Amino acid sequence: MPTRHLLPIFLAASVVFGWSDKCADFKLPESAQYTASLTDAVYYAAGEEVNITDPNGGGIITNQLPAFCRLILDVPLPGNVTAVSEVWLPDSWTSRVLAVGNGGFAGNINRGDLGFQAVDLGFVGVGTDTGHVGTAYTLGPLLDPETLLAFTSGSALVTSSQVAFDIAEAYYGSAVGTKIYSGCSTGGGQAMNILEKHPDVFDGVIGGDPDYWHSHTVSGQIQFQQYFAENTSSYMTAYQWELLGNEVLKQFLDGVINDPRICPFRPETILCTYGQNKSECLNPDQVTSVKKLYSTWTDINSTYIFGGYFPGSESGLGPEVSADNLGSFGAIQMAGLYTNNTDWVLADWNTSAPLLDLLVDSNPGGWDNANPNITAFISQGKKFLHYHGFSDPLISPVSSIEWFETLHSFFKTYTTLDLAASYKFLPIPGMDHCAGGRGAVSFGGQGQASSGYPAPKDAQHQITLAMAEWIEKGVEPALITTKWATSETTEVQASELTVNFTRPLCAFPAFAHYVGSGADENKAESFECY
């Protein structure tokens, strides 16, 4: 059983018989700027079962972690909002701190990454519910403007991280070294928020599949759901989505599209022929909608929204466009944040009226983080690693390409800074939204290890360790990502799994290319980035 300590505890701070006692005796350091209260402390020995359940998500069950102390905190924020945050302190500390991001609408603590991405790698880990309680799809609490602002402004994450820095120094009696943030999806948007609005907090930022231009993300999601609305001739069954995906991928020997931008797929190849069973092919209206899905999205007034999805994302797109999916990320927000009409449904969108203008003008909580002026961060020599799964069915990978191009254009036009020395964009062929997929998709991104996609614990295979080396030693990341041959599981370490194939992660605009001449196509060294 873990050693649990309910606070307050009145023991002499000078009497420490071991890490368990240190965890029990620990009292928060005074801070002039930030305040927090410690509500609970739990010590776990190495290999002891960590079984933390959370009905809203964010739980963890494992016996694979090293020894650590788990502190649970209340962190007051502006507007009478209080975040619940956790700081996990490993017995064996590398002087590094990792803050982990959230998913969806937040509302719970990302404990999987506190375990597998932080303490398992020797980092102090910090995570927060951002000031409200709920699942990734529970919007209700964010209808309160102050609660929404605690989430979208980054104040909950940044304040909790500052508290964690103070705690680490007091707990270990030595200074904090490298400070890194890592997040994907909403967590990727939080990464962009840090770059733009909190440039002094972290030494390195890792942001994946980022929801950084939130108004455009919501508008695009609602639009593509309309393309395939139920009770229309464009509606597609789950089988038809599977059929479409198989037709796309059969062109590729390993089922992975390296660069979908040059994929020549035509959905007309599965257009129904005369007399064919209509459930086993696509009708002309379905083909038209699929082509729209892959094309640039514009609003009714021709305002640009986003580039379309890539071929290879079909297996995930089906559930996202299903009329039964009330978990439509866009529809939920239209009913709450953007229209103040809790009865709003997709059918209420007047397709003859611009939608994006409404979302941009509203921009609740200042959720958009699309400003390319991140000079305050880059000018300090800090590092940003940005990645995106090129089979992402939630947030178009084109959005990340556009961010890359916009960023380079801004820095070339308005600064003399060397952006390439601080920023790298890593496309991940065959990766779905943040984790999973047909490609080599295990490299230590947010949520990967806790979803069953662990990475070997070295800087060549683990993005957080690669970031630390880039910051501390100036060694640019040269990551290798892995596809496991066996069923991935959080109950085993990467060292116990069998490798199917590996690939280098190339910095955009480069992609991995096979060198040929009989080289082993399952090994990363058989590919070059160009």
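Residues numbered from 1 in each chain as written. Predicted model: local features only at pLDDT ≥ 70, side-chain atom pairs only at ≥ 80, totals over all residues. Heavy atoms only, no water.

A. Spatial organisation of the overall build of the chain. Along the backbone of the chain there are 14 helices and 18 strands. On the principal axes, the C-alpha backbone points of the chain span a range of 85 × 60 × 50 Å. Classification of the 530 residues of the chain by burial places 57% in the buried group. Intrachain contacts of the chain at a sequence separation of at least 6 include 68% that bridge at least 24 residues. Here the chain has roughly 20800 Å² of accessible surface; of this, 52% comes from carbon and sulfur atoms. Charge separation in the chain, taken as the distance between the mean sites of 24 positive and 55 negative side-chain charges, equals 6 Å. (Helix = DSSP H or I, 4+ residues; strand = E, 2+ residues; numbered from the N terminus. Buried < 20%, exposed > 50% of the residue type's maximum accessible area, 1.4 Å probe, protein only. Contact = heavy atoms within 4.5 Å. Areas by Shrake-Rupley, 256 points an atom, 1.4 Å probe, with all protein chains shown as cover. Lys, Arg positive; Asp, Glu negative; His and termini not counted. Charge placed at Lys NZ, Arg CZ, Asp CG, Glu CD.)

B. Region of interest: helix α7 (residues 238-249). Between its terminal C-alpha atoms α7 stretches 17 Å, which fits the 16 Å expected from 12 residues at 1.5 Å a residue. Looking only at α7, the buried set comprises Gln240, Trp241, Leu243, Leu244, Gly245, Glu247, Val248 and Leu249. In this structure, the buried side of α7 is in contact with α8 (284-294) and α9 (314-321). (Expected span 1.5 Å × (residues − 1).)

C. Highlighting the packing of aromatic side chains. One pass over the structure, following the stated rule, counts 31 aromatic pairs. Relative to tyrosine 171, the ring of tryptophan 19 has its centre 5.7 Å away and its plane inclined at 25 degrees; by these criteria the two rings are stacked. Placement of the pair is tryptophan 19 in helix α1 (residues 19-25) and tyrosine 171 in helix α4 (residues 155-172), with a sequence separation of 152 residues. With a relative accessible area of 0%, tyrosine 171 lands in the buried category. An aromatic cluster of three or more residues is present, and its members are Phe310, Phe384, Phe390, Phe404, Tyr423, Phe425, Phe508 and Phe511. Just above the ring of tyrosine 171 sits the side chain of lysine 22; from NZ or CZ to the centre is 5.7 Å. Positioned above the aromatic ring of phenylalanine 165 is the side chain of lysine 179, whose terminal nitrogen or guanidinium carbon lies 4.4 Å from the ring centre. (Phe/Tyr/Trp six-rings, centres within 6.5 Å; stacked < 30°, edge-to-face > 60°. Lys NZ or Arg CZ within 6 Å of the ring centre and 35° of its normal.)

D. Layout of helix α13 (residues 398-414). Under the 1.5 Å per step criterion, the end-to-end length of α13 is 24 Å for 17 residues, consistent within 8% with the ideal 24 Å. On its buried face, α13 is in contact with α5 (186-197), β12 (304-306), α12 (375-378), β13 (383-389) and β14 (423-428).

E. Structural view of unusual backbone geometry. With an omega dihedral of 15 degrees, the bond running from phenylalanine 508 to proline 509 counts as a cis peptide bond. Structurally, proline 509 can be placed in the loop between β16 (499-504) and β17 (512-514). One non-glycine residue, aspartate 209, adopts positive backbone phi at about 35 degrees. Along the chain, aspartate 209 falls in the loop between β10 (204-208) and α6 (214-227). Relative accessible area serves as the criterion here: at 0%, aspartate 209 is assigned to the buried category. For serine 302, which is not glycine, the phi torsion reads 75 degrees and is therefore positive. Secondary-structure assignment places serine 302 in the loop between β11 (297-298) and β12. Looking at serine 302, the relative accessible area reads 58%, which means it is exposed.

F. Focus on the side chain of threonine 128. Tracing the backbone through its elements, the reader meets threonine 128 in strand β8 (residues 123-128). Within the structure, threonine 128 has its side chain in polar contact with the backbone nitrogen of threonine 130 (distance 3.0 Å). Residues contacting threonine 128, with those up to four places away along its chain left out, are Ala83, Val84, Ser85, Asn102, Asn108, Ile109, Ala156, Leu157 and Ser160. (Polar contact = N/O pair within 3.5 Å; in protein donor to acceptor, adjacent residues only side chain to side chain.)

G. Up close: the state of the cysteines. Counted by the stated rule, this structure contains four disulfides. Sulfur-sulfur distance for the disulfide between cysteine 23 and cysteine 69 comes to 2.1 Å. As the torsion about the S-S bond is roughly 70 degrees, the cysteine 23-cysteine 69 disulfide counts as right-handed. Here cysteine 69 lies in strand β5 (residues 68-77) and cysteine 23 lies in helix α1, a separation of 46 residues in the sequence. Assigned by exposure class, cysteine 23 and cysteine 69 land together as buried. (Disulfide = S-S within 2.5 Å.)

H. Structural view of the pattern of salt bridges. Summed over the entire model, instances satisfying the criterion amount to 11 salt bridges. Close ionic contact of arginine 266 with glutamate 268 constitutes a salt bridge, the shortest N to O distance being 4.0 Å. Of the charged contacts in the structure, one is a salt bridge between lysine 424 and glutamate 476, with a shortest N-O distance of 3.3 Å. Of this pair, lysine 424 sits in strand β14 while glutamate 476 sits in the loop between α14 (463-473) and β15 (480-484); the two residues are 52 residues apart in sequence, bridging distant segments of the chain. Judged by its relative accessible area of 13%, lysine 424 falls in the buried class. Residue classification places glutamate 476 among the partly exposed positions, given a relative accessible area of 43%. Via salt bridges that share partners, Asp54, Arg70, Glu86 and Arg111 belong to a single interconnected network. (Salt bridge = Lys/Arg side-chain N within 4 Å of Asp/Glu carboxyl O.)

I. Molecular detail of the nonpolar core. Ranked by size, the top nonpolar core spans 84 residues in total, and within it Leu89, Val205 and Leu244 carry the most contacts. Residue contributions to this core peak at 10 residues, all from α4. Among all residues touching valine 205, those that are not within four sequence positions of it are Tyr181, Ala191, Ile194, Leu195, Phe377, Lys383, Phe384, Leu385 and Met467. Counting residues in hydrophobic clusters, the runner-up holds 39 residues, among them Phe68, Ile109, Phe123 and Val441. (Core = buried A, V, L, I, M, F, W, Y, C linked by side-chain atoms within 4.5 Å.)

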